[in-house]
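If you want the building blocks of each chain, they are given just below.
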Amino acid sequence: MENAHAPRIHREGDPDEQAPVRRVELPATIDIATCDAVRDTLAGEHGDLVLDGGAVRRIDAAGLQLIVAAVAAAHVRGAAASWHAVSPVLVEAAAVTGLAAALGLDRKG
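Residues numbered from 1 in each chain as written. Predicted model: local features only at pLDDT ≥ 70, side-chain atom pairs only at ≥ 80, totals over all residues. Heavy atoms only, no water.

**Q** Hey, could you run me through the packing of helix H1 (residues 35-42) against helix H2 (residues 61-76) in this one?
**A** The geometry of H1 relative to H2 is characterised by a closest axis approach of 10 Å and an angle of 5 degrees between their N-to-C directions. Looking at the two axes, H1 sits roughly parallel to H2. Residues Cys35, Val38, Arg39 and Leu42 of H1 pack against Ala62, Gly63, Leu66 and Ala70 of H2. Per-class residue counts for the contact of H1 with H2 are six nonpolar, one polar and one charged. (Axes fitted to C-alpha atoms, helices over the stretch in contact; angles between N-to-C directions. Helix = DSSP H or I, 4+ residues; strand = E, 2+ residues; numbered from the N terminus. Parallel < 35°, antiparallel > 145°, perpendicular 65-115°, else oblique. Contact = heavy atoms within 4.5 Å. Nonpolar A, V, L, I, M, F, W, Y, C, P; charged D, E, K, R; others polar.)

Right, dumping it as structure tokens:
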């Protein structure tokens, strides 16, 4: 059975490339209880990262911190981090906490 709290990964591009693009579909709930599953999915990967946050309905400070860390890690390794979709809940949480710029959401309309 699939874990409803685990993100789903889609690899895009040529599988023989050293750094393919990864699109990660974030789960509906990203909180202290679900962060381990999300962190395990985001950790240790190379290549550009495209986050799909369209399904996020609940996110707490731990979830926001985890995504900020993933975006920062992508930038440190010279990869891009971008968004495919962003839910209103995610946009509001980022704005309220002052993390919109760190998440790259300050450019989303």
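The discussion continues.
**Q** I'm lost on the pattern of salt bridges in this one. Help?
**A** Following the criterion strictly, the structure yields four salt bridges and no others. For the salt bridge of Asp52 with Arg23, the shortest nitrogen-to-oxygen distance reads 3.2 Å. With Asp52 in strand E4 (residues 49-53) and Arg23 in strand E2 (residues 21-25), the pair connects residues that are 29 residues apart, well separated along the chain. Grouping residues by exposure puts Asp52 and Arg23 together as buried. Its salt-bridge partner being Arg39, residue Asp36 comes within 2.9 Å of it at the nearest N-O pair. Of this pair, Asp36 and Arg39 both sit in helix H1, separated by three residues, roughly a single helical turn. Taking relative accessible area as the criterion, Arg39 reaches 38% and is therefore assigned partly exposed. If you follow the salt bridges from partner to partner, you end up with Arg23, Glu25 and Asp52 in one network. (Salt bridge = Lys/Arg side-chain N within 4 Å of Asp/Glu carboxyl O. Buried < 20%, exposed > 50% of the residue type's maximum accessible area, 1.4 Å probe, protein only.)

**Q** Would you take a moment to explain the pairing of E4 for this structure?
**A** Of all five residues in E4, five are buried, a share of seventy percent or more. Burial along E4 is two-sided: Leu49, Leu51 and Gly53 facing one way and Val50 and Asp52 facing the other are all buried. As judged from the four bridges shared by E2 and E4, these two strands associate in the parallel manner. Its bridge partner being in E4, Arg22 is matched across the sheet by Leu49. Across five bridges, E4 lies against strand E6 (residues 81-86) in parallel orientation. (Pairing = 2+ DSSP bridges.)

**Q** Would you take a moment to explain the environment of Pro88 for this structure?
**A** Mapping Pro88 onto the fold places it in helix H3 (residues 88-97). A relative accessible area of 67% places Pro88 in the exposed class.

**Q** Would you mind showing me how to read H1 here?
**A** Each turn of an α-helix holds 3.6 residues, which means side chains three or four residues apart point in the same direction. Residues of H1 that are buried: Cys35, Val38, Thr41 and Leu42. For H1, the buried positions fall inside an angular range of 130 degrees around the axis, keeping them on one side. (Arc of directions from axis to C-beta.)

**Q** How should the nonpolar core be read in this particular structure?
**A** One broad trend across soluble globular proteins is that nonpolar side chains are buried collectively. Core analysis: the biggest nonpolar cluster contains 25 residues, and Leu26, Leu51, Ile59, Ile67 and Trp83 have the highest contact counts within it. Residue assignment for this core shows that the elements contributing at least two residues are H1, E4, H2, E6, H3 and helix H4 (100-103). Broken down by element, the residue count for this core peaks at six residues, all from H2. (Core = buried A, V, L, I, M, F, W, Y, C linked by side-chain atoms within 4.5 Å.)

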